[in-house]
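Analysis of the macromolecular model
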Amino acid sequence: MNVLLDNLGLFGSAFLATIELFVVAAVGSLLLGLVLAAMRVGPVPVLRAFGTGYVNTVRNTPLTLVLFAFAFAYPLLKLVELSFFARASAGLILYTAAFVCEVIRSGINTVPVGQAEASRALGFTFTQTLSTVVLPQAIRSVVPPLTNVQIALLKNTTIASGFSVFQAGGIYQTLSERGYNVLVGLLWVAVGFLILVVPLTVLQRGLERRWSVTR
Amino acid sequence: MTSVLFDVPGPRARVRNLGASILGGAALLALTGFVLYRFAAAGLFDGAGWEWIQYERIQLLLVASLVNTLRAFAAAAVLSLLFGAVFAAGRLSDHRWVSRPASVVVEFFRAVPLLVLMFILYFGVSRSLGLNISAFWAVVLGLMLYNGSVFAEIFRSGVLALPRGQSEASYALGMRKTQVMMNILLPQALRSMLPTILSQLVVVLKDTALGFIIQYPELLYQARYLGSQGQLGSPLLQVAAVVAIIYITMCLLLSALSRYFEKRTRRSARRPPADPGAAAASDLVALGNAPHGGPL
């Protein structure tokens, strides 16, 4: 208990940084994932091929490798200078977006064919069909898997501790410098993540109850 | 499947799509061209930066780290499948005092970040309890605890997804619980779960890269090490490119195997779904059941 109480400030700021990283990456990956999903189901062959290629490659790349590239290889390219935090967020967004895209796409496939056919018959364009008819229904059915992806993202933020981003995954280093018991500290970090997952699960249940459609 | 979202393009739509193709293609080409240009400017394609690859010692070093990666993967795969089988059996048990603790263990290890598990094993246990766990075992045991719990959920949902008639019929024939599980349920469940199991193995393979963070000498660690060698000209980009290609190729091969089995199970399904929507729906059910994170 001492380990937690003596270092409450450290735990607080570290978990706050984790939440910050998570929120940035979650919003970014949802947006990028949506765009990728639209590319993959759209009528333009080039974009469709790009979407498929991107998803297949990124899903088979270790996240550590992505973050490694952003942390160590990116500076060598001498583009815009970014902080470690920004680079870790970029890596997490690019990685998670591929999974978000797959979830949304499978959601689109669950919408009965008649819905899209009816909207086409009414003269809707592809963009209108997707954004006003199909996606609103698809999003409802993908709430559980989408939340699971975001929970995985929350846990994946710890990997950034290997790349100079201060957050909950890196608490143990400071603790061991201060001479505290690292094992106990790490167990508290685990408990912290259990606590962080709870609101996400509650949100998922709530959205599911509110949005579920009977088919 | 998804082609119902838009009509078969007529003459005007074809022109529009062509325009979008050209525009999108040009944008993508410009982007990749720019990235490649920056890489070239950073010396990725200069012969001098690639000299290191001719040294036998370095080739052997890379092979050794590849072997380290594969060794951790193989050990973790076997152990996590075992762990998953044991805890799935535990959760499916009729005895409360077995199934409850098993559920707690599985839920706990699924909710804790894998890297934190590895830290607990590598820094926590070895420093505080005096048990010396090498980086190799920290990686393998961490992967075992996390992926084993995921496998436990996969196995459990696979057995529960079978039609109830299967187990009812075997009980009616007078079989015991163990017999029902071993002879009737598991053989069917395993076959339908094979693609999911394989794609989870891709996750195991991907996550061996986490060993980099706790200094396990796998491929990424070697990339960092070789990339910082001044006498080789610090070829970080070059080594990282090689390592990335190795990792991605291995994962793609495993994914392709998973897809192959998935196609085979789909084809041999006794009752082909009447409409494609049903197949997609079953996809989503599988996704929804996917444990925290799914194949991420």
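What counts, and at which threshold
- Residue indices begin from 1 for each chain and proceed along its sequence in written order.
- As they are written, the chains are lettered A onward and the ligands numbered 1 onward, keeping that order.
- Owing to the predicted nature of the model, reporting of local features is limited to residues with pLDDT of at least 70; listing and counting of side-chain atom pairs is limited to 80 or more, with chain, interface and lining totals taken over all residues.
- In this text, helices come from DSSP runs of H or I with a minimum length of four residues, and strands from runs of E with a minimum of two, each type numbered from the N-terminal end.
- To sort residues by burial, count the other C-beta atoms lying within 10 Å of each one's C-beta; a count of 20 or more means buried, 12 or fewer means exposed, and anything in between means partly exposed. C-beta atoms are built from the backbone.
- We call two residues in contact when their backbone-placed C-beta atoms lie within 7 Å.
- Only Asp, Glu, Lys and Arg are considered charged, only Ala, Val, Leu, Ile, Met, Phe, Trp, Tyr, Cys and Pro nonpolar, and every remaining residue, Gly among them, polar.
- Simply put, an axis is a line fit to the C-alpha atoms, just over the touching stretch for a helix, and the angle between two N-to-C directions goes from 0 to 180 degrees.
- Angle categories: roughly parallel below 35 degrees, roughly antiparallel above 145, roughly perpendicular from 65 to 115, and oblique for all the rest.
- In this scheme the crossing of two helices becomes right-handed for a clockwise turn of the near helix relative to the far one and left-handed for an anticlockwise turn of less than a right angle.
- For every residue, the predictor assigns a confidence score, pLDDT, that lies between 0 and 100.
- Multiply 1.5 Å by the residue count of a helix minus one, and that product is the helix's expected span.
- Fitting axes to the seven residues ending at a residue and to the seven starting there, one defines the bend at that residue as the angle between these axes.

1. Points about the overall build of chain A
Regarding its fold elements, chain A presents 10 helices and zero strands. Within chain A, buried positions represent 48% of all 215 residues. Taking all contacts inside chain A whose residues are at least 6 apart in sequence as the whole, residues at least 24 apart take part in 75%.

2. Overview of the overall build of chain B
Scanning chain B from N- to C-terminus turns up 10 helices and zero strands. Along the chain direction, N to C, the helices and strands of chain B fall in the order α-α-α-α-α-α-α-α-α-α. Burial status across chain B gives 38% buried among its 296 residues. In chain B, the proportion of contacts linking residues at least 24 apart, taken out of those at least 6 apart, comes to 73%.

3. Focus on unusual backbone geometry
At Ser164 of chain A, a position not held by glycine, the phi torsion is positive, near 60°. The topology assignment puts Ser164 of chain A in the loop between helix H8 (143–156) and helix H9 (171–177). What makes Ser164 of chain A partly exposed here is the crowd of 13 C-beta atoms within 10 Å. Despite not being glycine, Gln215 of chain B shows a phi value in the positive range, around 65°. As for its placement among the helices and strands, Gln215 of chain B is situated in the loop between helix H7 (177–207) and helix H8 (219–227). Exposure remark for Gln215 of chain B: the 12 C-beta atoms within 10 Å place this residue in the exposed category.

4. Describing the environment of Ala89 of chain B
Mapped onto the fold, Ala89 of chain B is located in helix H2 (residues 56–92). A count of 19 C-beta atoms within 10 Å places Ala89 of chain B in the partly exposed class.

5. Examining the interface of chain A and chain B
Counting from both sides, the interface comprises 59 residues of chain A and, opposite them, 59 residues of chain B. Looking at the side of chain A that touches chain B, the elements with two or more residues in it are helix H3 (45–59), helix H4 (63–73), helix H5 (84–110), helix H6 (113–121), helix H7 (126–141), H8 and helix H10 (182–211) of chain A. Sort the elements by how many residues they give to the side of chain A that touches chain B and H10 of chain A lands first, with nine residues. Classifying every residue of the side of chain A that touches chain B by side-chain character gives 41 nonpolar, 15 polar and three charged.

6. Observations concerning the environment of Asp94 of chain B
All names here are of chain B. Mapped onto the fold, Asp94 is located in the loop between H2 and helix H3 (96–111). With 7 C-beta atoms packed within 10 Å, Asp94 lands in the exposed category. In this structure the C-alpha to C-alpha distance between Asp94 and Lys177, which are 83 residues apart in sequence, comes to 9.8 Å.

7. Re the packing of H2 of chain B against H7 of chain B
Residues and elements named next belong to chain B. Viewed as axis vectors pointing N to C, H2 and H7 meet at an angle of 135°, and their least axial separation amounts to 9 Å. Put simply, H2 runs oblique to H7. Crossing of H2 over H7 shows right-handed handedness. Between H2 and H7, the contacting residues are Phe73, Ala76, Ala77 and Ser80 on the first element and Leu201, Val204 and Leu205 on the second. Taken together, the residues that form the contact of H2 with H7 break down as six nonpolar, one polar and no charged.

8. Considerations on the confidence of the model for chain A
With 98% of its residues at a pLDDT of 70 or more, chain A has an overall mean of 87. Element-level mean pLDDT values for chain A span from 77 in helix H1 (residues 2–6) of chain A up to 92 in H5 of chain A.

9. Quick look at the packing of H10 of chain A against helix H4 (residues 114–128) of chain B
Where H10 of chain A contacts H4 of chain B, the axes come no closer than 8 Å and their chain directions differ by 155°. If you check the angle between H10 of chain A and H4 of chain B, you find them roughly antiparallel. Handedness of the crossing formed by H10 of chain A with H4 of chain B: left-handed. Contact with H10 of chain A, carried on its side by Val182, Leu183, Leu186, Leu187, Val189, Ala190 and Phe193 of chain A, involves Val116, Phe119, Ile120, Phe123, Gly124, Val125, Arg127 and Ser128 of chain B of H4 of chain B and no other residues of that element. Counted by class, the contact of H10 of chain A with H4 of chain B contains 12 nonpolar, two polar and one charged residues.

10. Comments concerning H7 of chain A
Here H7 of chain A contains 16 residues, and its C-alpha end-to-end distance of 21 Å stays within 8% of the 22 Å for a straight helix at 1.5 Å per residue. Considering bend angle alone, the principal kink of H7 of chain A is centred on Val134 of chain A and spans about 50°; proline Pro136 of chain A follows within four residues of it.

11. Concerning the environment of Ile19 of chain A
All names here are of chain A. For Ile19, the position within the fold is in helix H2 (residues 8–41). Residue Ile19 is classed as partly exposed on the basis of its 15 C-beta neighbours within 10 Å. Counting along the chain gives 149 residues from Ile19 to Ala168, while the straight-line C-alpha distance between them is 9.2 Å.

12. Topic: the confidence of the model for chain B
All names here are of chain B. Confidence in the prediction of chain B, expressed as mean pLDDT, is 83, and 89% of residues score 70 or more. Scored below 50 in pLDDT, residues 271–294 makes 40 contacts in the model with residues more than four places away or belonging to other chains. Across the predicted assembly, pTM comes out at 0.86 and ipTM at 0.86.

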